[in-house]
Amino acid sequence: MRQLALSIRAFLVFTCAALVWTWVLPIWQGPDETAHFTYVQYMMTHTVPPKQQVVPPGAQPWFTAGSLPTNISREVTLYNWTLRFPWRHIRITPEQRDAALNQVAAASRENAVPAGSQNYVGIYPPLYYGLVGKVLAAVKVQNVNDQVYLARALTACIYGLYGVAADGLLAFLVGRSRSRTAVVFSLPLLFPTLSMLGGVVNNDVVMDGMCLGLFWVAIDALRRTTWPKRTALAYGLVMGGAIISKPDTYVLVLLTAIVVLLRLWRTATPRWHVPRFVAIASVPATVLAFPWLIITFAYYHSIVPPLTYQASGTWPRTFLWFWHNLLLSPSYQMAIMVYQTVSGIDFPWWTQPVSSKLFYQVWAAVLVAAILYGAYLLYRRSKAMWWVSLFWVAGVFMFLWYTTYSYLLSTGTHFLQGRYFFSMLPVVVSLMALVLQRQRYLVVLLPLYSALVYLVVLNATVFRYYGQNLFDFAVGRVITFDPLFIAFAGRLALAGLLFIVLGRVMDWISGPTPTETGGRALRRRSADAPGRKHPAR
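Conventions and cut-offs
- Residues numbered from 1 in each chain as written.
- Predicted model: local features only at pLDDT ≥ 70, side-chain atom pairs only at ≥ 80, totals over all residues.
- Heavy atoms only, no water.
- Helix = DSSP H or I, 4+ residues; strand = E, 2+ residues; numbered from the N terminus.
- Buried < 20%, exposed > 50% of the residue type's maximum accessible area, 1.4 Å probe, protein only.
- Contact = heavy atoms within 4.5 Å.
- Areas by Shrake-Rupley, 256 points an atom, 1.4 Å probe, with all protein chains shown as cover.
- Phe/Tyr/Trp six-rings, centres within 6.5 Å; stacked < 30°, edge-to-face > 60°.
- Salt bridge = Lys/Arg side-chain N within 4 Å of Asp/Glu carboxyl O.
- Axes fitted to C-alpha atoms, helices over the stretch in contact; angles between N-to-C directions.
- Parallel < 35°, antiparallel > 145°, perpendicular 65-115°, else oblique.
- Left-handed = near helix turned anticlockwise from the far one by under 90°.
- Core = buried A, V, L, I, M, F, W, Y, C linked by side-chain atoms within 4.5 Å.
- Patch = residues over 30% accessible without salt bridge, like charges linked within 9 Å, V, L, I, M, F, W, Y side chains within 5 Å.
- pLDDT = per-residue confidence, 0-100.
- Polar contact = N/O pair within 3.5 Å; in protein donor to acceptor, adjacent residues only side chain to side chain.
- Expected span 1.5 Å × (residues − 1).
- Nonpolar A, V, L, I, M, F, W, Y, C, P; charged D, E, K, R; others polar.

## Structural notes on the overall build of the protein
Part 1: In terms of regular secondary structure, the protein is built from 21 helices and zero strands.
Part 2: Within the protein, buried positions represent 54% of all 537 residues.
Part 3: Excluding contacts between residues fewer than 6 apart, the proportion of contacts in the protein whose partners are at least 24 apart in sequence is 83%.
Part 4: Accessible surface, the protein as shown: approximately 23700 Å² in total, 67% of it carbon and sulfur.

Right, here's the structure in full:
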């Protein structure tokens, strides 16, 4: 029951953190939200994902065949205006809001031009889009704005499941410890961009959740000496689900499979258990992934979709330009690894909603210190997990930078963003939990600091779009295009989030220190362990 209560609380914290962003971030302002929603609309009436035309670099940049109501909504809700003039604020009267929403409602009833098949995110697997699209089709919501916000709310629920998975991973690693709950409650607040992705129409949350599951599988395999059938089925489900979430997971699926096979070969007895385990795991993985891989091969003659679908440049760069201007550029690294990871804003990508650079520098210093110290502790406790974590991080970096380099050479532009590195978060949260186990005072300080980061970024985001502060926005002094149910849910989520976090902090301060039971993967050495000498009493 205690585990169930903690899982429910993790679900609520993550869902609330995402719903606040659903409310705060104006419609269409999420990363590529128009394209992702167009894909969702397409899957509302189709079963198989669309085939994309592979065009030469620069021929068809960022093309999205959005429906007529979608295009009208983008115009009347000031998306295009905000994109052209990012320094201006959205300030409308109630009359202007009502007129715009009435225009969207009228266009949605006509539905003259449905969503088309050509879409630069249409190369992605349909797991997220098909799920959300079928739900929207089932509830029969016609207004395109309501469809977008309902899709955002569904994404927030998926993000809540991500929180449950993160809680389960840490329970496996560190057991029932206060460090586990502190890290779980801090994660959606310390990384505002992650919560923003959970509050908009975007498939990144599904991919990040599958990456967390893959890391869990790899760590679970390291401690196994027995290999039951249910474990094989679970491994196959996770790997197959990862493949149909986003192509970015392919490298991590391969790494996880290698870890499992190596451990299986070393510990499985008799040897015929090895092919049996692999065969059982292959069944759910094949059922989930094989149809998508067949479709991809039929469309593009490869199991990896092409990247030239979103080409936008026509001047190929060189390796030296890539080396000096991207890979070794401190300003570029700061932008993608810090600003875009903290800010939660898409347009423009390089906008820093918080004007103080010290804010970002402190955030980066805290995170780097925690990662380095956690890596040291992990090396002392489990060298096998340390090596898996190292290869995990290296695999993510190598894949993203190689893809960026190859895309740069063919198109002359680059697309790397900080949110693509969230597939490394399973390693980060594991290291942070180890740090908090050793440094108990951080159990209180980390949630407070994370809540401060979250509120500061939210306040800066509100000002960036509306020219007001978060308090004025929360009490209704800002006119937005949000539906009433989203405004209500956002306010309730913000209040609930603060209540949960502050309540837990008070419990940690005033309550007695619970006995820690080490996780199955990283058991702490007990003072009463056999062979341990005790001082004379």
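## Some remarks on the packing of aromatic side chains
Part 1: Per the counting criterion, the structure on display carries 29 aromatic pairs.
Part 2: Between the aromatic rings of W28 and F37, the centroid separation amounts to 5.6 Å while the plane-to-plane angle is 70°, which identifies the pairing as edge-to-face.
Part 3: Residue classification places W28 among the buried residues on the basis of a relative accessible area of 0%.
Part 4: Between F359 and Y360 the ring centres are 5.3 Å apart and the planes differ by 80°, which places this aromatic pair in the edge-to-face class.

## Structural notes on the pattern of salt bridges
Part 1: Within the structure shown, the criterion is met by nine salt bridges.
Part 2: Close ionic contact of D98 with R97 constitutes a salt bridge, the shortest N to O distance being 3.3 Å.
Part 3: Using a relative accessible area of 36% as the deciding quantity, one classes D98 as partly exposed.
Part 4: Classification of R97 as partly exposed rests on a relative accessible area of 25%.
Part 5: A salt bridge links D204 to K246; the nearest nitrogen and oxygen atoms lie 2.6 Å apart. On the criterion of sequence distance, the pair formed by D204 in helix 10 (residues 204-223) and K246 in the loop between helix 11 (229-243) and helix 12 (250-267) is long-range, its members being 42 residues apart. K246 matches D204 in its accessibility class, with the two residues each being buried.

## So, the packing of helix 1 (residues 2-24) against helix 19 (residues 442-466)
Part 1: Where helix 1 meets helix 19, the axes come as close as 11 Å, and the angle between the chain directions of the two elements is 15°. As the angle between them shows, helix 1 and helix 19 are arranged roughly parallel. Helix 1 and helix 19 meet at a crossing whose hand is right-handed. Touching C16, A17, V20, W21 and V24 of helix 1 are Y454, V457, L458, T461, V462 and Y466, all from helix 19.

## Some details on unusual backbone geometry
Part 1: In this structure, the amide linkage connecting T269 to the following residue, P270, adopts the cis form with an omega of -5°.
Part 2: In this structure, P270 sits in the loop between helix 12 and helix 13 (273-300).
Part 3: You will see that W28, though not glycine, has its phi angle at about 75°, which is positive.
Part 4: Inspection of the secondary structure puts W28 in the loop between helix 1 and helix 2 (33-44).

## Some words on the nonpolar core
Part 1: Residues L187, F191 and W363 are the most contacted members of the largest nonpolar core, which totals 160 residues.
Part 2: Per-element accounting of this core gives the leading share, 14 residues, to helix 7 (residues 144-174).
Part 3: Excluding its chain neighbours within four sequence positions, the residues that come into contact with L187 are F14, Y162, A166, L194, L425 and V429.

## Topic: a nonpolar patch on the surface
Part 1: A surface patch of nonpolar side chains, about 410 Å² in accessible area, is lined by F319, L320, W323 and L328.
Part 2: Relative to the assigned elements, L320 resides in helix 14 (residues 319-327).

## Some remarks on the confidence of the model for the protein
The predicted coordinates of low-pLDDT regions are not to be read in fine detail.
Part 1: Taken as a whole, the protein shows an average pLDDT of 86; of its residues, 88% reach a score of 70 or greater.
Part 2: Long-range and interchain partners of residues 512-516, a stretch whose pLDDT sits below 50, account for nine contacts in this model, where long-range means more than four residues apart.
Part 3: Considering only residues more than four positions removed or in separate chains, one finds that residues 524-537, a stretch of pLDDT under 50, has eight contacts.

## Points about the side chain of R224
Part 1: Among the secondary structure elements, R224 is positioned in the loop between helix 10 and helix 11.
Part 2: A polar contact is formed between the side chain of R224 and the side chain of T231, at a distance of 3.3 Å.
Part 3: Apart from the residues within four sequence positions on either side, R224 is in contact with T231, Y235, R263 and T267.

## Topic: the environment of T82
Part 1: If you trace the backbone, T82 turns up in helix 4 (residues 79-84).
Part 2: Under the relative-accessibility criterion, T82 is labelled buried at 2%.
Part 3: Linking T82 and Y465, residues 383 residues apart in sequence, is a C-alpha distance of 8.2 Å.
Part 4: Beyond its immediate stretch of four places on either side in the chain, T82 contacts Q29, I90, R464 and Y465.

## Description of the environment of A166
Part 1: Of note, A166 is situated in helix 7.
Part 2: Residue class for A166 comes out buried when judged on its relative accessible area of 2%.
Part 3: Sequence separation between A166 and R180 is 14 residues; the distance between their C-alpha atoms is 9.5 Å.
Part 4: When near neighbours in sequence (up to four residues on either side) are disregarded, A166 contacts V184, L187 and L212.

## Some words on the environment of V368
Part 1: Note on placement: V368 falls in helix 16 (residues 357-381).
Part 2: Overall, the relative accessible area of 45% leaves V368 in the partly exposed class.
Part 3: Spatially, the C-alpha atom of V368 lies 9.8 Å from that of V428, the residues being 60 residues apart in sequence.

## A short note on helix 12
Part 1: Taking 1.5 Å per residue as the helical rise, helix 12 with its 18 residues ought to reach 26 Å, and the 26 Å between its terminal C-alpha atoms agrees with that figure.
Part 2: Looking at the buried side of helix 12, the elements it contacts are helix 10, helix 11, helix 13 and helix 17 (383-411).

## With respect to the packing of helix 15 (residues 330-342) against helix 16
Each pair of packed helices gets described by two things: the angle between the helix axes and the distance between those axes.
Part 1: Following both chains from N to C, one finds helix 15 and helix 16 inclined at 100°, their axes separated by 10 Å at the closest point. By the angle class used here, helix 15 and helix 16 are roughly perpendicular. Contacts between helix 15 and helix 16 pair M334, M337, V338, Y339, T341 and V342 from the former with K357, F359, Y360, Q361, W363 and A364 from the latter.
Part 2: The class makeup of the residues in the contact of helix 15 with helix 16 is nine nonpolar, two polar and one charged.

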